[in-house]
Amino acid sequence: MRSRDFIFVQPRSADEAAAVFQEETARGRSAAYWGGGTELLSLARTGKQTVQVGIDLKKIPELTAAELSGGVWRLGAGLSLTALQDRVDSPLWRDCLDDIADHTVRNRLTLGGNLCGRLPYREAALPLLLGDAAAVLHGPEGERRAPLRKLMEKGRLRLEPGEFLQGCEVTREAWEGRYIRRRFTGAGPVGYPLVHLVLTVKDGAWQMALGGVFPTPAWRNLAPPKADFPSWAEEIVSVGNEDIRGDFRGSREYRRALWLQALTAGGEALFKGGGR
Amino acid sequence: MKKFHGLTELRLQVNGESLRSSVYPGDTLLRALRDGLGLTGPKTGCENGDCGACTVLLDGIPVKSCLILAVEAEGAEITTIEGLRGTPAAAAFREEGAFQCGYCTAGFIVNTHALLTSVSDPGEDEIARWLNSHLCRCTGYESIQRAVKRAQKAP
Amino acid sequence: MLQGALLLSPHTHAEIAGIDVSAAQALPGVAAVLTGQDCSENLGIYTGDKPPLARNRVRHWGEAVAAVAADCLETARRGAALIRVDYRPLEAVLDPREARKKEAPLVHPDLAAYGCADFIYPEPGTNMANHTKIRKGDLKEGFRRAAVTVELTCSLPLGDHGAMEPRGAVARIDAGGEVDIWSSTQAPFVVRAQMATVFGISPGKIRVHAPLVGGGFGGKAGIQLEGLAYLLSRKAGGRPVKLVNRREDDMASSPGRIGLSADIRLGAARDGSLTALECCYYFDTGAYGDYAVNVARAAAISCTGPYRVPVVHCDSYCLYTNKTFAAAFRGFGHIESSFVMERALEELAGRLGMDPLALRLKNAIRRGDTTPTGAELGEGTGDLAGCAEKAARGLNWDRGLRQVAPDGRITARALSFFWKAPAIPPNTDAGAVITFNEDGSVNVNTGIVDIGTGTQTSLGQIAAEVLDIPPQKIHVRSAVETGTSPHDWTTAASRSLMMAGLAVQEAAEDALEQIKAVAALPLGCDPSRLRVAGERVFPGDDPAAGLPLSAVVLGYTYPNGNAVGGQVIGRGRYITPGLTGIDRETGRGNPALEWTLGAQGVEVELDPATGIYRILTAAGCMDVGRVINPRFAREQMTGAMLMGIGYACREGFSFTGGGRLENGSLRDFKLPRYGEAPRFVVDFLETPQPDGPFGARGLGEQGIIGMPGAVANALSRAAGVPLNHLPLTPERIWQALEAKP
């Protein structure tokens, strides 16, 4: 980031934000929507990303609201993860966010930043994919909604040029049911996930959301297990093996093994009435 | 719409005082506090959000000041370690000798103070969740754990 | 103040065909630009192999190629980014065993031309930076006597010190040519000496200031950024320049800790007595030798661990590779050699069917036994058996070595014995000056840098003890300045308390003599009749008949105004007596001042399905001669033990096949965090060190030394497979379990 030329603006409405983005881009400047800034500042400092104009989304009312109305959770993308944990009374939601970065960073890291930034883990997406959340986007054409599952089909949140995430909506009902969650890092409590597995069962329907294993978060409906949990898990884990991520934090084989182990044990526990 | 561009004069509320600070929009709060205002309590351990040595409070909430722009902190109550003299957290760390080189200490005290003033009677897990935002290379954390317990018990 | 920034090499090994700095120089705000051509000398604590900036060739990814000083940090960085370097990549060597081979690319083709300390033996034409030999006894005979022999290969990677404060220095040259350096350093006097030698400045004209330092662990010994800061200032007309590492630079560009691949062969008789040890260390010092050439030597000197081994053959090779280079690190070769020996001992215990603790106790070194260099252990030899007993109890040894819980989790225990002597020059020194204030309070001035160990407080306690003045009235200076502080070798090697402590003791005793000499005049008696106690000086047993110290310490003034005596200035010095180097062919000699012995271990709980484990308990007991400050002593142990756990369990640089450092940030080089530490059980024994202050000997490093061995032994036991390669990440354990037939 070229500190002395860097411009920081704080629009007061979603339309204003989208308009500024368009203007600055038209002027040939690299603009970025700014949530907590935790990722952007780190990338800019190490020269991995250049941002000439930062557009702060945290002063826009629609992005900083979190409320339950009409049985639907509306989660503002400009709120920090800890604020969202405090205001959204869903154990599944709270748990899934709990290991992202660390607690102090979560005091600034926003939902929008986690979902739309460059880091591929996007763990806040896991409960949202499970809940079939709707993403509310805002761009030069105004507001639009799209199912998050569709937007994240290919992994990264597919936004139109100049669009930003305004918030997500998910029915409270969708987050009911029982769940098991397992998260593994290479070592220690703080770190990127090798495997972040969330298994849910609701009204007999089984779902899985998975972070860390593939380059981007994955979500699937699952056939319910019967008695042979290892085989059930093995079959699930065999799909898409070629794409499993491997790096110095954890090899492909290890991630697969952790996923399999967690899925087997988690599936059995949920089947037998456990979970939260 | 507020726009920050070029050298900017900010009024920052720090430790109960209104201080004038000259910053560029791209300057982090950490740099503004240290280089601009001479408040060298928060430290530059990594400037990447990993070590916690830069931790300050923004409206009572612990944040890593290396990952916040100074201009974003305008209008907020900023508390650095310098503003926590005499608090139970600071006293407990001193009495337990919960430091060696001292570089990580300010961050720990700031976060401990925030934890104990916003969560009533946190358990071990909750304390670890807050404080594993911090690294210490010297102590092995044992004395820091004792200091947190001691601060919890303080009236 | 100008701010400095470095340009680092994106290549692992390359020739520099040209550097174009014109764009950087032209940038408004840039005051100075330096490249390797600006300094024709090399730095190097033992081997003069390191140019301050790469000259003609870069030898590791992240090596500093150019430096810029500018009016602000951003301009300096921008200036550095504008420098154009024409690199011609060369073949690189990344493994120390590969580096030893004849056909390996040479990291230092000019090795023959470098100046070198006379006890370091590089082999020009190869990548051998140093070769240390131990030849004690007849190897063939030693193994002939063995009923059981084990052979292992062990390894550990290069890593980082991880001090919370990155390295940094400020340099300034005034109009008279006097140089001031402020630095986060453990070795202000070494910095001065290196700069005097390399840059041709009189040492009296260099003042190195060492204020409070945010952790060192060996990484801030020697010379770090000070030379570069000075060169930038010199080019900028003497203006002050501040050069501070970003964390990523601190990890990749500044040195880390040494790596090792080792072969060991250990033989024992049927009853468990060790008969012979043969070990071959392939140390990886990275691109430059720095302190690591001596680390490799220290590993050879300590290769047996604190055990009685009659026949010892060791070859310790220190090899150059094209990676981040290694400096001193806590444990200094003893931690690496301990890991290798402790793994071998555990294997041996298994083969002999002997309890691992019993095997160690049987061979525990005692007074009168000799070290690998043939030096005999003297009166201050610690009670190793006593330490082992306490450490074992702390680990609940009697519960058994391995238990499997119903849910499949496996608990296991292991112990190691450790030792360390300071690896120091045979003429290592310390000094102390004690002065007084008008209220009778005391100033203690030494050359010891405050790196967080609490040594200053302990030195104050020693002064308080000798002077019989309350510690609150003893003011120990925490900042060192080479122009005014007494000379001191370096704040490292666990020798500060012992050596500076002796100097403080002597200075305090000297002060007492002077106090008596001054007071004798007004009190009208012979100084030998006077006593100093309770802040008074008095004849015989009559304190009331004497004077308060405050009336004497700045000279005595009679009621009529005449003044006599003058101020008391207590002087103390220490220099290591009777040390020698070691013979080039046999390793024979007396390099070790004193050995601190101990035992430590861990209790681990492993989930064999995933390889994930917890360290439940870490226990240790060490014989320190005398505990001067119980709280600080305990914390040196807990801090060192956790550092050892990090070393064993997860820390290690990860390089790509091309030699780029992948995990050079605190996000991915994961140090243990709050909440991860085990329960610590710590004890000390006190077998006095006859030549130590109040019987004390060094203790700062020792707590780390046996940890990698203990952790590897416990996890190997839990997993049921030998784990000889660090770091022992859960994945590594899982892989070993998967590979088990």
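Up top is the structure.
Residues numbered from 1 in each chain as written. Chains lettered and ligands numbered in written order. Predicted model: local features only at pLDDT ≥ 70, side-chain atom pairs only at ≥ 80, totals over all residues. Heavy atoms only, no water.

Q: Quick question: what am I supposed to make of the sheet that holds strand β9 (residues 178–184) of chain A here?
A: The strands that make up a sheet are held in pairs by hydrogen bonds between backbone atoms, and each pair lies either parallel or antiparallel. All names here are of chain A. One open sheet holds the four strands; their spatial order is β9-β10-β11-β12, and the pairing between them is antiparallel. The sheet is open, and its two borders are formed by β9 and β12 (218–222), each paired with just one other strand. On average, each strand axis in the sheet is tilted by 15 degrees relative to the strand beside it, whichever way the strands run. When β9 meets strand β10 (residues 195–202), the two strands line up antiparallel, connected through seven bridges. Paired with Arg 182 across the two strands is Leu 197, which belongs to β10. (Pairing = 2+ DSSP bridges. Helix = DSSP H or I, 4+ residues; strand = E, 2+ residues; numbered from the N terminus. Axes fitted to C-alpha atoms, helices over the stretch in contact; angles between N-to-C directions.)

Q: Just checking my understanding: could you explain the pairing of strand β5 (residues 61–64) of chain B for this structure?
A: Side-chain positions along a regular strand alternate between the two faces of the sheet. Residues and elements named next belong to chain B. Here strand β4 (residues 55–58) runs beside β5; their pairing, made up of four bridges, is antiparallel. The partner of Val 56 across the bridge, within β5, is Val 63. The antiparallel pairing of β4 with β5 creates a hairpin that spans two residues between the two strands, and Asp 59 there sits at a positive phi of about 50 degrees.

Q: Just checking my understanding: could you explain the packing of aromatic side chains for this structure?
A: The geometry of an aromatic ring pair comes down to the distance between the two centres and the angle between the two planes. Summed over the entire model, instances satisfying the criterion amount to 27 aromatic pairs over all chains. Seen from their ring centres, Phe 108 of chain B and Tyr 674 of chain C are 6.0 Å apart, and the 50 degrees between their planes marks the pair as tilted. Note that Phe 108 of chain B is positioned in helix α3 (residues 105–118) and Tyr 674 of chain C in the loop between α14 (630–649) and β30 (679–685), a pairing that runs across two chains. On the basis of relative accessible area, Phe 108 of chain B is assigned to the buried category, the value being 0%. A residue is classified by how much of its surface remains accessible, and Tyr 674 of chain C, at 4% relative accessible area, is buried. Consider the rings of Tyr 282 of chain C and Tyr 317 of chain C, whose centres lie 5.4 Å apart with planes at 50 degrees: the pair is tilted. Of the two residues, Tyr 282 of chain C is situated in strand β14 (residues 274–286) and Tyr 317 of chain C in strand β15 (residues 311–320); the sequence distance between them amounts to 35 residues. A residue is classified by how much of its surface remains accessible, and Tyr 317 of chain C, at 8% relative accessible area, is buried. Members of the aromatic cluster, each reached through a chain of ring pairs, are Tyr 46, Phe 119, Tyr 291 and Phe 332 of chain C. (Phe/Tyr/Trp six-rings, centres within 6.5 Å; stacked < 30°, edge-to-face > 60°. Buried < 20%, exposed > 50% of the residue type's maximum accessible area, 1.4 Å probe, protein only.)

Q: Quick question: what am I supposed to make of the environment of Asp 59 of chain B here?
A: Residues and elements named next belong to chain B. Summarising the element assignment, Asp 59 is placed in the loop between β4 and β5. Residues Asp 59 and Leu 116, spaced 57 residues apart in sequence, show a C-alpha to C-alpha distance of 15 Å. The contact partners of Asp 59, leaving out residues within four places of it in the chain, are Ala 76 and Glu 77. (Contact = heavy atoms within 4.5 Å.)

Q: For this particular structure, what's the right way to read the interface of chain A and chain B?
A: Size of an interface, as often reported, equals the accessible area lost when the parts are brought together. Listed per partner, the contact involves 33 residues of chain A and 32 residues of chain B. When the two sides are added together, the surface that chain A and chain B hide from each other amounts to roughly 2600 Å², 56% of it contributed by carbon and sulfur. Put simply, chain A and chain B have four salt bridges between them. Seen at the junction of chain A and chain B, the total is 14 residue pairs in polar contact (both at pLDDT 80 or more). Those elements that provide at least two residues to the side of chain A that touches chain B are β1 (7–10), α1 (14–26), α2 (38–45) and α5 (103–106) of chain A. Where β1 of chain A lies against strand β1 (residues 2–5) of chain B, four bridges are found, and the strand directions are antiparallel. Note that in β1 of chain B the partner of Phe 8 of chain A across the bridge is Phe 4 of chain B. (Buried area = accessible area lost by both parts, 1.4 Å probe. Salt bridge = Lys/Arg side-chain N within 4 Å of Asp/Glu carboxyl O. Polar contact = N/O pair within 3.5 Å; in protein donor to acceptor, adjacent residues only side chain to side chain.)

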